Amino acid sequence: MSNRPPNVLLLPADGSDPLHLSSDGEGRITLKQGIEGLGVAPVENNIVARPVGHGSLVKSTHLKDREVFLPLQLWGKTQDDVLKLWDRIVKVVSPLRGGAVLEVFRDGDEPRYLDVLYKSGLEGNFGETYRKTWFNVGLTLSAPSAFWYAREVALSWQTKHEGKIFISGGAQKNTHKFFPIILAPSAVAEVRDIIVDSDAEVQPIWNITGPVKDVMIENVSTGAKFRILGTLNPGETITVDTRTLDIYDATHHNGELHDRVSDESVFFTLPAGRSQVKVTGTGMTDKSSIRLQYRPLFLKGL
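Sequence positions are assigned chain by chain, starting from 1 and proceeding in written order. Owing to the predicted nature of the model, reporting of local features is limited to residues with pLDDT of at least 70; listing and counting of side-chain atom pairs is limited to 80 or more, with chain, interface and lining totals taken over all residues. Excluded from the side-chain calculations are hydrogens and water; all other atoms, namely the structure's heavy atoms, are used.

Novice: I'd like to hear about the nonpolar core, residue by residue, with values.
Specialist: Looking at soluble globular proteins, one finds that nonpolar side chains tend to be buried together. Side-chain atoms within 4.5 Å link the members of a nonpolar core, which is a set of buried Ala, Val, Leu, Ile, Met, Phe, Trp, Tyr and Cys residues. Remark: exposure states derive from per-residue accessible area (1.4 Å probe, protein chains only) relative to the maximum for the residue type, with buried under 20%, exposed over 50%, and partly exposed in between. L10, L21, L70, L72, L74, L102 and L139 are the most contacted members of the largest nonpolar core, which has 30 residues in total. Every element with two or more residues in this core is listed here: β1 (7-12), β2 (19-21), β3 (29-31), β6 (66-75), α1 (79-92), β7 (100-105), β8 (112-120) and β9 (134-143). Note on definitions: a residue-residue contact is assigned when non-hydrogen atoms from the two residues lie within 4.5 Å. Not counting chain neighbours up to four residues away, the residues in contact with L72 comprise L21, I29, T30, L31, K32, I89, F135, N136, V137 and L139. Counting 28 residues, the second largest nonpolar core, distinct from the first, contains V196, I217, A224 and L270. Under the scheme used here, helices are H or I runs from DSSP no shorter than 4 residues and strands are E runs no shorter than 2 residues, and both carry numbers assigned from the N terminus.

Novice: Give me the lowdown on the pairing of strand β18 (residues 237-241), citing residues and values where you can.
Specialist: Of all 5 residues that make up β18, 4 are buried, and the element is covered over most of its length. The pairing of β18 with strand β19 (residues 246-248) spans 3 bridges and is antiparallel. Following the sheet pairing, D241 is matched in β19 by D246. Taking the residues between adjacent antiparallel strands as the criterion, β18 and β19 are bridged by 4 residues, where L245 takes a positive phi near 55°. Should DSSP find at least two bridges between two strands, the strands are regarded as paired.

Novice: So what's going on with the pattern of salt bridges? Residues and values would help.
Specialist: The rule for a salt bridge is simple: a side-chain nitrogen of Lys or Arg has to be within 4 Å of a carboxyl oxygen of Asp or Glu. All told, the structure shown has 12 salt bridges when counted by the stated rule. Its salt-bridge partner being K119, residue E67 comes within 2.1 Å of it at the nearest N-O pair. Taken together, the residues span a long stretch of sequence, with E67 in strand β6 and K119 in strand β8 at a distance of 52 residues. Exposure remark for E67: the relative accessible area of 40% places this residue in the partly exposed category. Its relative accessible area of 46% is what places K119 among the partly exposed residues.

Novice: Residue-level account of the environment of M216, with values.
Specialist: Summarising the element assignment, M216 is placed in strand β16 (residues 212-219). In this structure, the C-alpha to C-alpha distance between M216 and F226, residues 10 residues apart in sequence, is 5.8 Å. If we skip the residues at most four places from it in the chain, M216 touches K225, F226, R227, K278, V279 and T280.

Novice: Could you give me a rundown of the sheet that holds strand β14 (residues 188-196), with the residues and numbers involved?
Specialist: Hydrogen bonds between backbone atoms are what pair the strands of a sheet, whose relative direction is either parallel or antiparallel. A sheet is described by the order of its strands in space; here 4 strands give the open sequence β14-β20-β16-β17, paired in antiparallel fashion. Only two strands of the sheet have a single partner each, and these edge strands are β14 and β17 (225-232). The sheet shows a mean angle of 15° between the axes of neighbouring strands, direction not considered. Here the axes come from fitting lines to C-alpha atoms, over the contacting stretch only for helices, and the angles between their N-to-C directions go from 0 to 180 degrees.

Novice: Mind laying out the pairing of strand β15 (residues 205-209), listing which residues take part and the relevant values?
Specialist: Counting buried positions along β15 gives 5 out of 5 residues, so the element sits mostly inside the fold. By the alternation rule, side chains of β15 split into I205, N207 and T209 and W206 and I208, which are all buried. Sheet analysis places β15 next to β18, joined by 5 bridges and oriented antiparallel. Of the residues in β18, the one forming a bridge with W206 is V240. For β15 and strand β21 (residues 289-294), the ladder comprises 5 bridges, and the chain directions are antiparallel. Paired with T209 across the strands is S289, a residue of β21.

This is the structure:
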């Protein structure tokens, strides 16, 4: 096991280069001792007595939003070096840019991520914490979500590219010449075990690309399912997003496509652990696909 400190990065919302926060004293932005907020979010427990029954209680637990505190030291050979680092931090977590993403991981482990917003620490108090060639900054970030998330997991269902040779004729095939008929599969009908490695249930996103019709996706474990009505043309893609309980495509994002799903449809989530999911569709080619993607959720970053 490595004794190296954890790796901590701030990822800008615009996708530009991440900001590495060094804990080994080798970087120009040093993450000092005293980090807070990389574990489990604060919890609110409520216990209420039932109106009937002696000693009967109702308990509920709610994970609240969290704050992350990063004690930083910026240092350089000149005052200009330090102020350039200061500018970079302000730009990365700017409240005008929609926040940032905090990434943490230990050597050899998969990274985990947390969406964060700037809260305080960059007010520019150049007093006892500033000495031209170094500047101590206590950066506080707020996280609206109680959960860290991992890299996206994706699974897809597609028809096979190769055809299957089918020869009819029974015993006559021994005395007659037959031309094999190539049956190109155009449908999927598969029950697949899906194991979600997560601390909490996940909210899948389904991307369905035509040509395909008669699409139905069912959680066999619970019976919840949704059905896509009609036919998707070649190259047409619609998305069923259980995070927003919406169905949309490249040009319709305001609920216009809800008539594309049957009335009994349920945009189901997937629990942590094992689930059985059945995916069916017909009229497919090798250009068609039904794709599932989700982000595993975790209570802690490290």
